[in-house]
Amino acid sequence: IIFPLIMFGQSYETQKYNLISKSDDFEIRYYPKAIKARVVSNSNSNNNFRKLFSYISGNNQTNEKIAMTTPVYVNNDSNGNSMDFVMPSKFDLNTIHKPIDSDVKIIESKSGYFATLKYGGYSNSFKVENNTEKLYKILASKNIEHKGKASYVSYNSPFKFFSRRNEIIIEIKYVE
């Protein structure tokens, strides 16, 4: 059986960060600012993905494609469902292609310290919930205060079957 190469490898730019500390699957990282495209809606994440993918596929004011990057951020809360695509690092707020779809917003994330917890396989709401709870327990055991809500992040296309990388990430108050 011959499998397409997309199932085994990816060569996407990944959002930059500095690793501050690591133990098992738990890490503390410093993330600088990044440009992201975001969709917030009351519909499911497939619709958000479709709008963002359309934007990077050329549905923007310059009709130019934008390279896919990792990770993809997903949040679900009382404000709705949001999904963020990290934009390639060559862009800033002045050079990023403007969206045509009014649901696609370009934002600049703030820099900060974040705690992450890695897990593998295909993710689902059960895994997100369990790993979020696990991360909160780790933070409590280390007396690390968190800010805001945790996000789920995914690093792989749906067509990658092996060695999948998912994370729960939350901003923390970090003192060196």
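Quick note: structure is the one above.
Given the structure is predicted, the values throughout are model-derived calculations rather than measurements. (Residues numbered from 1 in each chain as written. Predicted model: local features only at pLDDT ≥ 70, side-chain atom pairs only at ≥ 80, totals over all residues. Heavy atoms only, no water.)

Peer 1: Can you walk me through the nonpolar core in this structure?
Peer 2: In globular proteins that are soluble, nonpolar side chains generally tend to be buried together. If you look at the biggest cluster of nonpolar residues, it comprises 29 residues, and the most contacted ones within it are Phe26, Tyr55, Met87, Leu135 and Leu139. The residues contacting Leu135, other than those within four sequence positions of it, are Phe26, Ala115, Thr116, Leu117, Ile168, Ile169 and Ile170. (Core = buried A, V, L, I, M, F, W, Y, C linked by side-chain atoms within 4.5 Å. Buried < 20%, exposed > 50% of the residue type's maximum accessible area, 1.4 Å probe, protein only. Contact = heavy atoms within 4.5 Å.)

Peer 1: Help me out: how do you make sense of the packing of aromatic side chains in this one?
Peer 2: What describes a pair of aromatic rings is the distance from one ring centre to the other and the angle between the planes of the rings. One pass over the structure, following the stated rule, counts six aromatic pairs. Between Tyr17 and Tyr31 the ring centres are 5.2 Å apart and the planes differ by 45 degrees, which places this aromatic pair in the tilted class. Here the residue Tyr17 occupies a position in the loop between strand 1 (13-14) and strand 2 (18-23), and Tyr31 occupies one in strand 3 (residues 26-31), the gap between them amounting to 14 residues. Here Tyr31 and Phe114 contribute two aromatic rings whose centre-to-centre distance is 5.5 Å and whose plane-to-plane angle is 90 degrees, an arrangement assigned as edge-to-face. Of the two residues, Tyr31 is situated in strand 3 and Phe114 in strand 9 (residues 112-119); the sequence distance between them amounts to 83 residues. Residue classification places Tyr31 among the buried positions, given a relative accessible area of 4%. (Phe/Tyr/Trp six-rings, centres within 6.5 Å; stacked < 30°, edge-to-face > 60°. Helix = DSSP H or I, 4+ residues; strand = E, 2+ residues; numbered from the N terminus.)

Peer 1: Could you clarify how one ought to interpret helix 2 (residues 125-141) in this entry?
Peer 2: Residues spaced three or four apart along an α-helix face the same direction, because each turn holds 3.6 residues. An ideal rise of 1.5 Å per residue puts 24 Å on 17 residues; helix 2 measures up with 24 Å between its terminal C-alpha atoms. For helix 2, the set of buried residues is Asn131, Thr132, Leu135, Ile138 and Leu139. The buried residues of helix 2 occupy one face: seen down the axis, they fall within an arc of 120 degrees. In helix 2, the exposed positions that point more than 90 degrees away from the buried face belong to Ser125, Phe126, Glu129, Lys137, Ala140 and Ser141. Residues of helix 2 that are buried sit in contact with strand 3, strand 9, strand 10 (146-154) and strand 11 (166-172). (Expected span 1.5 Å × (residues − 1). Arc of directions from axis to C-beta.)

Peer 1: Where do I start with unusual backbone geometry in this structure?
Peer 2: Geometrically, the link from Thr70 to Pro71 is a cis peptide bond, its omega value of 0 degrees lying close to zero. A positive phi angle is found at Asp24, which is not glycine, with a value near 55 degrees. If you trace the backbone, Asp24 turns up in the loop between strand 2 and strand 3. At Asn63, a residue that is not glycine, the phi angle is positive and equals roughly 55 degrees. Tracing the backbone shows Asn63 in the loop between helix 1 (45-56) and strand 5 (69-70). Judged by relative accessible area, which is 60%, Asn63 ranks as exposed.

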